[in-house]
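The lines below spell out each chain.
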Amino acid sequence: FHLEFNNQSAMNKESQTFNIIVTDDEVLARKALIRVLNEVANKLEIKLTIYEAEDGVELLYLIYQYSTNTNNIHIDAIISDQTMNYINGAAVQNILNNYINMKKYIPFFIVTAYDVNAAYFNNINLDGVFSKPLRKYDAEIILKQLIEL
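### A word on the overall build of the protein
Assigned secondary structure in the protein consists of four helices and five strands. Along the protein, helices (α) and strands (β) appear in the sequence β-α-β-α-β-α-β-β-α when read from the amino end. The proportion of buried residues among the 149 residues of the protein is 48%. The long-range fraction of contacts in the protein, counting pairs at least 24 apart against all pairs at least 6 apart in sequence, stands at 70%.

### Some points on the packing of aromatic side chains
What the rule picks out here adds up to one aromatic pair. Note on phenylalanine 109 and phenylalanine 130: the rings are 6.3 Å apart at their centroids and 40° apart in plane angle, and the pair reads as tilted. With phenylalanine 109 in strand β4 (residues 108–112) and phenylalanine 130 in strand β5 (residues 128–131), this residue pair connects regions lying 21 residues apart in the sequence. Owing to a relative accessible area of 9%, phenylalanine 130 belongs among the buried residues under this scheme.

### A closer look at the packing of helix α1 (residues 27–44) against helix α4 (residues 136–148)
The N-to-C vectors of α1 and α4 enclose an angle of 60°; their axes lie 9 Å apart at closest approach. If you check the angle between α1 and α4, you find them oblique. Crossing handedness for the pair α1 and α4: right-handed. Mapping the contact onto sequence places Val36, Leu37, Glu39, Val40, Ala41, Lys43 and Leu44 in α1 and Lys136, Ala139, Glu140, Leu143, Lys144 and Ile147 in α4. Per-class residue counts for the contact of α1 with α4 are eight nonpolar, no polar and five charged.

Thresholds applied
Residues numbered from 1 in each chain as written. Predicted model: local features only at pLDDT ≥ 70, side-chain atom pairs only at ≥ 80, totals over all residues. Heavy atoms only, no water. Helix = DSSP H or I, 4+ residues; strand = E, 2+ residues; numbered from the N terminus. Buried < 20%, exposed > 50% of the residue type's maximum accessible area, 1.4 Å probe, protein only. Contact = heavy atoms within 4.5 Å. Phe/Tyr/Trp six-rings, centres within 6.5 Å; stacked < 30°, edge-to-face > 60°. Axes fitted to C-alpha atoms, helices over the stretch in contact; angles between N-to-C directions. Parallel < 35°, antiparallel > 145°, perpendicular 65-115°, else oblique. Left-handed = near helix turned anticlockwise from the far one by under 90°. Nonpolar A, V, L, I, M, F, W, Y, C, P; charged D, E, K, R; others polar.

Pasting the structure below:
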């Protein structure tokens, strides 16, 4: 299984637009997460395009779909719930790290209703683990990391 991402920077410097995939199997939680991200993005004066996935399988499909150069969409970050049907967030990141040859690094963040300090997360290459529901402060941390890339 091989995905190729364009090495070109995913961020459009003039418009400050970032493409983010938000994954959560709970619709209300996903919408709340998107609302917080958009509020913080407005405060930081950056634009977001947010793509939604309902579970880890759909997330992997979206990554594959947007990895083709034909649609000219570059994913800048993934924010995923940890506990979902089929494939959880950490398992998706493990697949991306160990089984897919990605040419462009995509920051990966987990949101969870469980212990964010769990030893389980120490063995996974994550850019952050945040409590659910995501607070504005945490959303700002995520978005500022994207700005600095």
